[in-house]
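Here's the letter readout for the chains.
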Amino acid sequence: QVQLVESGGGLVQAGGSLRLSCAASGRTFSRYAMGWFRQAPGKEREFVAAISRSGGRTYYADSVKGRFTISRDNAKSTVYLQMNSLKPADTAVYYCAATTSPEPEFYSGSYYYTEEYNYWGQGTQVTVSS
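Cut-offs used in this document
- Residues numbered from 1 in each chain as written.
- Predicted model: local features only at pLDDT ≥ 70, side-chain atom pairs only at ≥ 80, totals over all residues.
- Heavy atoms only, no water.
- Helix = DSSP H or I, 4+ residues; strand = E, 2+ residues; numbered from the N terminus.
- Rg over C-alpha atoms; globule rule 2.2 N^0.38 Å.
- Buried < 20%, exposed > 50% of the residue type's maximum accessible area, 1.4 Å probe, protein only.
- Contact = heavy atoms within 4.5 Å.
- Areas by Shrake-Rupley, 256 points an atom, 1.4 Å probe, with all protein chains shown as cover.
- Pairing = 2+ DSSP bridges.
- Axes fitted to C-alpha atoms, helices over the stretch in contact; angles between N-to-C directions.

Asks: Quick question: what am I supposed to make of the overall build of the chain here?
Replies: From N to C terminus, the chain includes 1 helix and 11 strands. Each helix and strand of the chain, ordered N terminal to C terminal, gives the series β-β-β-β-β-β-β-β-β-α-β-β. The C-alpha radius of gyration computed for the chain amounts to 14 Å, which stays within 12% of the reference 14 Å derived for 130 residues, consistent with globular compactness. Taking the principal axes of the C-alpha coordinates as reference, the chain spans close to 40 × 25 × 25 Å. Looking at the chain as a whole, 46% of its 130 residues are labelled buried. In the chain, the proportion of contacts linking residues at least 24 apart, taken out of those at least 6 apart, comes to 60%. Carbon and sulfur atoms provide 45% of the accessible area of the chain, an area that totals close to 6,400 Å².

Put into structure tokens, the structure is as follows:
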């Protein structure tokens, strides 16, 4: 089992930047591929970004591609989400999640689906003002 704790959320003006962190504890971090999701009020939780176990492959939702960057440091058991050029539409609670999905399935797109993730953090609020 792994425990996930997000941090780094807050209030920022449109065009600004934030970096979210997700610290993992428990079982070996490198066993898990990781994802970031977000949920705005009244909406379903949606995929934002994902990264493979080694960090060699990354995936992004079209809405954040070119603005957000996911990375991980396995030595620190932490995954990051650098968010630049933030927009009011990015306002949401952001969650990190860990998956044991086999790599072939992950590379084929399982990273996109919430049900593929085994562990979730408690979320961190990001609010972007216009």
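What follows continues from the structure just given.
Asks: What exactly am I supposed to notice about the pairing of strand β3 (residues 18-26) here?
Replies: Consecutive residues of a regular strand have side chains that alternate between opposite faces of the sheet. Note that strand β1 (residues 2-7) and β3 share 6 bridges and pair antiparallel. The partner of Val-5 across the bridge, within β3, is Ala-23.

Asks: Sorry, what's going on with the sheet that holds β3 here?
Replies: What holds strands together in a sheet is hydrogen bonding between their backbones, with the strands either parallel or antiparallel. Reading across from one edge, β1-β3-β8-β7 is the order of the 4 strands in this open sheet, with antiparallel pairing throughout. Of all the strands in the sheet, the pair left with one neighbour each is β1 and β7 (68-73). Going across the sheet, the axis of each strand differs from the next one's by a mean of 15°, ignoring polarity. One ladder, built from 6 bridges, connects β3 with strand β8 (residues 78-83); its direction is antiparallel. Bridging across to β8, Cys-22 finds its partner in Val-79.

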